[in-house]
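# Secondary and tertiary structure notes
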Amino acid sequence: MDEKTEEKDVIILAIESSCDETAAAVVRNGREVLSNVIYSQIDLHTLYGGVVPEIASRKHIEKINQVIEQALKEAAVTLDDLTAIGVTYGPGLVGALLVGVSEAKAISYAKHLPLVGVHHIEGHISANYIENQDLEPPFLCLVVSGGHTHLVRVLDYGKYEILGMTRDDAAGEAFDKVARAIGLGYPGGPKIEKAAHEGDPDAIAFPRARISDNPYDFSFSGVKSAVLNYINGCRMKGEEIVPVDIAASFQKAVVDVLVSHTMHAAEVFSIDKLAIAGGVASNGALRDAMRQVCEKRHIRFYHPSPILCTDNAAMIGAAAYYEYMSGTRSGLDLNAIPYLKLGER
Ligand code: KG4
Ligand code: ZN
């Protein structure tokens, strides 16, 4: 451990295994990432067109010790230097979550270290703290990933008010399904973004869904079905299908909805700071659109680097730090909770 580390430093080993990334990180005082190791299983799941839960769990078991050892090594710390262990305990795939949770409990028990269970979405939100040292609550955060689409008011560290969420598919899930339909494969987000660069975003008018009883809720199954219907229609009429135009038009439809819902909330709640998080937050079109509207409205705009947008353990370490500082401790009875709600323990 280097000399800079003082007694009062809080050094957290964080573990993330909720989906198809086996990840471990060492984070100092919540915002300084000493290491961030991610073993991505994407290549394995690509063969099946999406994440296969059983395969994910088995791969996590195979990789987790290796990933933790590497994270400690890169951070130049040992288990004896740690203050606490942070781990994602939900939401996610139960078998995948259990691998991380069991590992974290074993280390906590063996080394007498406090254990802090972290909500995966709280992790995504907290990814913003790492590279934006000035960012502090309150702020508004749009969390857009493969499993979640949440518009959240971050009232304080660990205190959240969910304004809206998706009623059906998550934004990333829609990207993945549309990518499959136009033959781009898994994971769809980055592939749609790349294809969209070559296409015309105004070529096809896909629908922008509004939910009448909650202006902050989202629905993406309609735009996904519209893409599938459009493709079927072209096939039946013998018309040419231009995948890059579909990608660009679909991406624009999703970005429009994400931006308009978020800006509506920003106006109603007089927001002056907006952050985005989750895998879809690495999308260039979404970032550009958000940046532009934020500039116009004098809202400060924050987003993590792409590597901190998709699943990683550094974000879990950041979230675990603030939970740890506010006194949150999990017992050795901590369990994986696949449908854990944000703000619940
Ligand atoms: O946050 P994440 O790694 O996992 C979940 O917690 O779900 O997000 C993965 C999702 C996938 O659906 C992927 O297609 C999407 O994020 N994604 C993107 C981009 N990169 C990843 N979506 C749009 N544009 C991207 N560049
Ligand atoms: Zn995630």
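Anything mentioned here points back to the structure above.
Before going into details, it helps to say that this report is about the structure given with it.

What counts, and where the lines are drawn
Residues numbered from 1 in each chain as written. Chains lettered and ligands numbered in written order. Predicted model: local features only at pLDDT ≥ 70, side-chain atom pairs only at ≥ 80, totals over all residues. Heavy atoms only, no water. Pairing = 2+ DSSP bridges. Helix = DSSP H or I, 4+ residues; strand = E, 2+ residues; numbered from the N terminus. Axes fitted to C-alpha atoms, helices over the stretch in contact; angles between N-to-C directions. Contact = heavy atoms within 4.5 Å. Donors = N, O, S within 2.8 Å, 3.2 Å for Na, K, Ca; no water. Tetrahedral: all angles 85-135°; square planar, octahedral: opposite > 155°, others 65-115°. Near = heavy atom within 4 Å. Polar contact = N/O pair within 3.5 Å; in protein donor to acceptor, adjacent residues only side chain to side chain. Areas by Shrake-Rupley, 256 points an atom, 1.4 Å probe, with all protein chains shown as cover. Buried < 20%, exposed > 50% of the residue type's maximum accessible area, 1.4 Å probe, protein only. Arc of directions from axis to C-beta. Phe/Tyr/Trp six-rings, centres within 6.5 Å; stacked < 30°, edge-to-face > 60°. Lys NZ or Arg CZ within 6 Å of the ring centre and 35° of its normal. Core = buried A, V, L, I, M, F, W, Y, C linked by side-chain atoms within 4.5 Å.

## Re the sheet that holds strand E9 (residues 273–277)
- Spatially, the 5 strands line up as an open sheet ordered E8-E7-E6-E9-E10, and their pairing is mixed. Two strands lie at the open edges of the sheet, namely strand E8 (159–165) and strand E10 (300–302), each paired on one side alone. Sheet twist, expressed as the mean angle between neighbouring strand axes with direction ignored, is 20°.
- Across 6 bridges, strand E6 (residues 139–144) lies against strand E7 (residues 149–156) in antiparallel orientation. Its bridge partner lying in E7, Val-144 is registered against Thr-149.
- With respect to the sheet, helix H4 (residues 120–131) is in contact with E6, E7, E8, E9 and E10, its orientation differing from that of E6 by roughly 120°.

## What to know about the coordination of the zinc ion (ligand 2)
- The zinc ion (ligand 2) binds to the protein through His-120 (NE2), His-124 (NE2) and Asp-311 (OD); the donor distances cover 2.0 to 2.1 Å.
- Around the zinc ion (ligand 2), the 4 donor atoms are arranged such that angles at the metal cover 96 to 132°; this shape is classified as tetrahedral.

## Section: the site of ligand 1
- Taken together, 20 residues lie near ligand 1, and Gly-146, Asp-176, Gly-189, Glu-193 and Asn-283 sit nearest.
- Between an oxygen atom of ligand 1 and a side-chain N or O atom of His-124, the distance comes to 3.1 Å.
- Side-chain polar atom of Asp-176 to an oxygen atom of ligand 1: 2.7 Å apart, as the coordinates give it.
- Relative to its unbound accessible area of 550 Å², ligand 1 is 90% covered by the protein chains.

## Brief notes about helix H6 (residues 188–196)
- Listing the buried residues of H6 in full gives Gly-188, Gly-189, Ile-192, Glu-193, Ala-195 and Ala-196. Angularly, the buried residues of H6 cover 165° about the axis, an arc narrow enough to put them on a single face. Set apart from the buried face of H6 by more than 90 degrees, the exposed residues are Pro-190 and Lys-194.
- Where H6 is buried, its residues contact helix H5 (171–181), helix H8 (243–268) and helix H9 (284–296).

## Looking at the packing of aromatic side chains
- For the coordinates displayed, the defined rule picks out 9 aromatic pairs.
- On the numbers, 6.1 Å between centres and 85° between planes, the contact of Tyr-129 with Phe-139 is edge-to-face. Of this pair, Tyr-129 sits in helix H4 while Phe-139 sits in strand E6, placing them 10 residues apart in sequence. Comparing Tyr-129 with Phe-139 shows no difference in burial state: the two are buried.
- Ring geometry for Tyr-157 versus Tyr-322: centroids 3.9 Å apart, planes at 0°, classification stacked. Here the residue Tyr-157 occupies a position in the loop between E7 and E8, and Tyr-322 occupies one in helix H11 (residues 314–325), the gap between them amounting to 165 residues.
- Owing to a relative accessible area of 24%, Tyr-157 belongs among the partly exposed residues under this scheme.
- The structure contains a cluster of three or more aromatic residues connected by ring pairs, namely Tyr-129, Phe-139, Tyr-157, Tyr-321 and Tyr-322.
- Across from the ring centre of Tyr-39, 4.7 Å away, lies the NZ or CZ of Lys-63, which sits over that ring.

## Section: the sheet that holds strand E1 (residues 11–16)
- Taken in spatial order, the 5 strands line up as E3-E2-E1-E4-E5 in an open sheet, and their pairing is mixed. Edge strands, defined here as strands with exactly one partner in the open sheet, are strand E3 (32–40) and strand E5 (115–119). Between one strand axis and the next, the sheet turns through 20° on average, direction left out of account.
- Taken together, the 8 bridges between strand E2 (residues 21–28) and E3 define a ladder with antiparallel strand orientation. For Arg-28, the partnering residue across the bridge sits in E3 and is Glu-32.
- The strands that helix H2 (residues 53–75) touches are E1, E2 and E3; relative to E2, the one it contacts most, it runs at about 25°.
- Most of the contacts of H11 go to E1, to which it runs at about 125°, and overall it touches E1, E2, E3, strand E4 (84–90) and E5.

## What about unusual backbone geometry?
- A cis amide bond links Pro-137 to the next residue, Pro-138, at an omega of 5°.
- Inspection of the secondary structure puts Pro-138 in the loop between H4 and E6.
- In this model, Tyr-186 is joined to Pro-187 through a cis peptide bond whose omega is -5°.
- With respect to the helices, strands and loops of the structure, Pro-187 is situated in the loop between H5 and H6.
- Even without being a glycine, His-112 presents a positive backbone phi close to 55°.
- Considering the arrangement of structural elements, one finds His-112 in the loop between helix H3 (94–111) and E5.
- Positive phi, normally seen in glycine, also occurs at Ser-270, with a value near 45°.

## Here's the deal with the nonpolar core
- Judged by nonpolar contacts, the single largest core of 48 residues is most densely connected at Phe-206, Phe-220, Phe-250, Met-263, Leu-286 and Met-290.
- Those elements that place two or more of their residues in this core are E6, H5, H6, helix H7 (221–237), H8, E9 and H9.
- When residues in this core are grouped by element, the largest group, 13 residues, is from H8.
- Core analysis: the second largest hydrophobic core is formed by 36 residues, Ile-125, Tyr-160, Leu-308 and Ala-314 among them.

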